Every structure is written in structure tokens, then in C-alpha cells.
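# Descriptive structure summary
Below, each chain spelled out in residue letters.
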Amino acid sequence: MDKILEINNLTVDFESKDRTFRAVDDISFHIEKGKTLSLVGESGSGKSVTALSLLQLLPEGTVRYSDRSSIKFENQEILESNKKFLTSLRGNKISMIFQEPMTSLNPYQKVGFQIDETLIIHRNLGKSEARERTIDLLQKVKIPEPETKVNSYPHQLSGGQRQRIMIAMALANEPELLIADEPTTALDVTVEKALLELLSDLQEEFGMSILFITHDLNIVKRFSDQVCVMKDGQIVESGQVKALFDNPQHPYTVKLLNSIPGKKENVNTGNPILLNAENVDINYTIRKNFLGKTTEYLNAVKKVDIKIFSGSTTGLVGESGSGKSSLARALLGIEKSEGKIIFDNLDINNLTSSESRKYKKDFQIVFQDPFGSLSPRMTIGEVVGEGLKVHEPSLDKIGRNEKIIKALKDVELESSSFSRFPHELSGGQRQRVAIARAIILEPKLILLDEPTSALDVSIQMQILNLLKDLQNRLGLAYLCISHDLKVIRFLSDHVYVMKDGNIVEEGLTENLFESPAHEYTQELLAASIL
């Protein structure tokens, strides 16, 4: 078949004043028209750098390609091509879905306008035609109430909804090649399945080729024709998906395939209650009248009851926008809510100043978006150790640094990361920094909001095993929010299923996974390969 993209001997170096870092080392592959090729590998292995090289989106002045490097799209060389040619490719013939939608969408513009703009520039549509097409695209990517959501700002949407906006924007111009960099990372399984089916339908309809970058081997198995496995900037193994999955040759490929989470072996039950929440109700104001009185509101969480037990893990699953994160913020005491929340025999709505500080130490959080939760002006050592200055002020600098280094090693980061900045790390490495920041204070309860969503499978297993080890050693409790049901099954003792602000089902993990009673729970499990 015809090759739409051909990469030969691609080598990418990043240069600074005192050193050169090789991100991609002499790789070659091609993509045929209408086919899908996946790049899989560790965070920092060079997958995203390879993808950004295709559209020449790496920072000028610091990046250098070797003389032998070649990237050809439809037999035309991309490297060192003029800006006019690159403009004709970007967003038109080649589109890209980026890994972190919150940093890719303009926070000052409504999402509908951002999609309209793409259609107006590249397809010469009028404003009304563009808006009709935008609403149609939002329907295709399963955005609820698209006529309303089209007028929303990025911060008003959930993480999964923002990613769906990015996918709609990328598909707007029906590109010949779609580069998808972890496009389903933030999505629950039902939406992930629908979007993969949508991409497959569009691929078949328009003959579109796809370069898929992911750490999820289940997606590769279901969605790809060919796969290249990357490690340390090199392709260590490649081939047809079925052949590679059935008979992997390289030890690293074998390691990846053996790193998929299974069932939880030792279930923790019968432990005392650490957190008990009753009738938690959360409302968001949508519209006020001219007197400032609320006339319309969104009931995001509807009189929910939830219990978390000491030394055990409670899983919370559901669609994006179902109310999971709102409920979690209320339990943390950072979201206004009605109802009663008792943590360690203390009512969190009536804490003294000293009790409030202790509560914050005892209840830590790992946020969903690691880049947004890390200060770009602080080194990794300062980020991880910031809580120690507040909660353990008696520690001297040497003792504090020792704890920071230990926390970094616990999450499989080199001690050299201590003096680096967040933008110098990959998405997966930034998530590990966020986990290190949470565990360093050894709290009683940690909220894990999609804790492994940005990690490749081998690192995911290291982090999951680390979390279990910490739980066993320190008696930690976890509240784990995740769209990945394999993670929930591996970590959780008890599971709550949320839909439209309600708890529709709850129970012991294996009971719920083996015999789901509610139709929605059955739908979730059917959409996930466990």
C-alpha cells in the first residue's frame, strides 16, 4: 500500500549551554494510507518528541536533527521545509490531539469559538456554517447538551469533556493524518470506547491514517494495525499488532505486556470508619437575577452517603461530569456543601485553626492534571518538600532534603530530578512528582484523582504496588477516583459507582465486578477489557 508518512534515521537532540540530550535515536518507521500505527513505551522514551517533530513544533534554537534524519509526508520532505508548506499541513492535512487539554485550550475563549476558528481558517466556512458544524462535532464526540456546552469556557468543563473538545477540533478538517498523543488518558471507559469507535468510523469513511501514542496496551490491541515499542529514544521492537502481542521478542516488550493490573489479592475489610459523609449535597450557581439571587443552579452531587475505612481503599467511578471530583473536593473541605462530613471523629465544617492544619496534613491529594498542579517556578525538590516546611517546621535542611530524595526514589524518579523544573519532565514523570508530594507527609487518607492516568503500564504497576506497600506499612486509607477499572479493581476494597450526581451502586469490589446489579455499572464493565 501507499505510504503517507515515512520516517528514516530520525535523530533529535536538545542542546543547552553545557550539555546535549538525545531524545530520539535513529528511528525509522512508516504509516500506510488508511492504517493506524501506535508508538508505545515509557514516559520520556521519545514518543511525543517524535510526534512533535512531524509538525516541527519543537522549540527552535534548542533542537537539532541529524543530517541523515528524514520525515516525508506524501513524498514531500518536512524537515527544513518553508513555513508556507508547514502551515498548509498543520491543522489541515495533519492534525494533532495533545496529551493535556487544559494546557492546549485557550482559557479566555469559549470552546465553540475555538473550533469555529479552525473551520473558518482552513475550510473557509461562514460563521453560521462553522457553528452548525461545531455543534455536529460535539454531538459526535458525545458532549452532552452541545448547544449549551458550545458556549462554555474550558474551566467550566470536566477533564474528560475538555479532551473531547480537543478531539472534535482535531477532526474538524477531516485530516489525512491524525496524530493522537494519549487522547483517551482522561476519559472514562464508556467514552473511550465511543471515541475509538468514532475514530475508526472516520478513518474508514475518509481513508485517514492515524499515529497513535499511548501507554494503554488494550487500546493498541483493539485499535492499531502496527505497533512500534520505544525505549530510551530507540525503537526496540515493531511489527503487526497481533504477531507482537502473541510472540514478543524484546524483554522490554514482555515487561510491558506483563504489567497489566489484576485483581486485589488481600482485601481489607472490617476496619474502623475514618471518614463518614451523610447527605452530601452540592449546588453550583448557573444564573442570577439583577438582585444577585440565584435563579438557576446545577445540583452536581445529590444527597450522597459515603464511608471510607482506615487502612483500606475506596474506589469511586463514573462518567466525566458525574460529580466524582466535586464530591471529593467537598470531603477535602475545599468545596461548599450541605450535609455532614466526619473525619477521624471531627466535623470538618467546625474545625479550629489547629485542627484544620492537622486535617490538611492528614488528608492529602494527588490531582488529575500534574502540570497544572505543579508550580513552574519551583524545582521538583521545592515542590515535593513544600509541605514539610508547613507541617514539619522543626526539620533542618539536611533532614528535609533526605526525605525529599527518599520520596523521589519511592516513585522511581532519579535523585537528579531534585533540581529540575516541571517543564523539563514528561507527563508521566510530573504525575510521579505529584504522588511523591502527597506521600512525603505520611497522611491518614490520600485522595487519588486519576493517579496513574498519565503513566505507562510498567510505571503504573510500580506506583500501584508502591501505594499498596505504603498502605500496608503506614495504615493509609485511599479514596481512588479513576476511569480505569483495572486500577480500581487492583487497589480497591470497596467501590461506589456515580452517575448524574447519584450513587447508583456500591459494594465490595469483587462482588460488584463479578455481579453488577445496576444497568450503568454493567455498561461500564462491558466497555472495559479486564
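So, a few notes on the structure that sits alongside this text. (Residues numbered from 1 in each chain as written. Predicted model: local features only at pLDDT ≥ 70, side-chain atom pairs only at ≥ 80, totals over all residues. Heavy atoms only, no water.)

Taken across its five residues, strand S18 (residues 445-449) has five buried, putting it largely inside the fold. Side-chain alternation along S18 places Leu-445, Leu-447 and Asp-449 on one buried face and Ile-446 and Leu-448 on a second face that is also buried. The pairing of strand S17 (residues 363-366) with S18 spans four bridges and is classified as parallel. Looking at S18, one finds that Gln-364 is bridged to Ile-446. Across five bridges, the pairing between S18 and strand S19 (residues 477-481) is parallel. Residue pairing in the sheet places Leu-448 in a bridge with Cys-480 of S19. (Buried < 20%, exposed > 50% of the residue type's maximum accessible area, 1.4 Å probe, protein only. Helix = DSSP H or I, 4+ residues; strand = E, 2+ residues; numbered from the N terminus. Pairing = 2+ DSSP bridges.)

Our focus in this paragraph is the sheet that holds strand S20 (residues 494-499). The strand order across the open sheet built from six strands is S17-S18-S19-S14-S20-S21, with neighbouring strands paired in mixed fashion. Two strands close off the open sheet at either side, each with one partner strand: S17 and strand S21 (502-508). The mean inter-strand angle of the sheet, taken between neighbouring strand axes irrespective of direction, is 15 degrees. Inspection of the sheet shows S20 paired to S21 by six bridges, in the antiparallel sense. Looking at S21, one finds that Val-497 is bridged to Glu-505. In the packing of helix H21 (residues 519-527) onto the sheet, contacts are made with strand S14 (313-318), S20 and S21, and the angle to S20 comes to roughly 105 degrees. (Axes fitted to C-alpha atoms, helices over the stretch in contact; angles between N-to-C directions. Contact = heavy atoms within 4.5 Å.)

Turning our eyes to something else, we now look at the sheet that holds strand S11 (residues 234-240). Ordered by their spatial adjacency, six strands build an open sheet running S7-S8-S9-S3-S10-S11, and the pairing between neighbours is mixed. If you trace the sheet from one side to the other, it starts and ends with strand S7 (94-97) and S11, each paired once. Within the sheet, the average angular offset between the axes of one strand and its neighbour, ignoring direction, is 15 degrees. Of the strand pairs in this sheet, strand S3 (residues 36-41) and strand S9 (residues 209-213) are connected by four bridges, and their pairing is parallel. Along S9, the bridge assignment pairs Thr-36 with Ile-210.

On to the packing of aromatic side chains. The relative placement of two aromatic rings is captured by the distance of their centres and the angle of their planes. Counted according to the given criterion, the structure contains four aromatic pairs. Their ring planes at 15 degrees and their centres at 6.0 Å tell us that Phe-343 and Phe-363 sit as a pair that is stacked. Of the two residues, Phe-343 sits in strand S15 (residues 338-343) while Phe-363 sits in strand S17, which places them 20 residues apart along the sequence. Like Phe-343, the residue Phe-363 is buried in the burial classification. Here Tyr-359 and Phe-363 contribute two aromatic rings whose centre-to-centre distance is 5.9 Å and whose plane-to-plane angle is 85 degrees, an arrangement assigned as edge-to-face. On the basis of relative accessible area, Tyr-359 is assigned to the buried category, the value being 8%. Residue Phe-363 is classed as buried on the basis of its relative accessible area, which comes to 4%. Here a set of aromatic residues connected by ring pairs shows up, and it is made of Phe-343, Tyr-359 and Phe-363. A cation sits over an aromatic face here: Lys-231 above Tyr-252, 5.6 Å from the ring centre. Over the aromatic face of Phe-490 sits the side chain of Lys-468, whose NZ or CZ is 4.2 Å from the ring centroid. (Phe/Tyr/Trp six-rings, centres within 6.5 Å; stacked < 30°, edge-to-face > 60°. Lys NZ or Arg CZ within 6 Å of the ring centre and 35° of its normal.)

Following the sequence through the fold, Leu-508 ends up in strand S21. Judged by its relative accessible area of 39%, Leu-508 is partly exposed. Through-space distance from the C-alpha of Leu-508 to that of His-494 is 4.4 Å; in sequence the pair is 14 residues apart. Other than its neighbours up to four places away in sequence, Leu-508 contacts Thr-269, Asp-493 and His-494.

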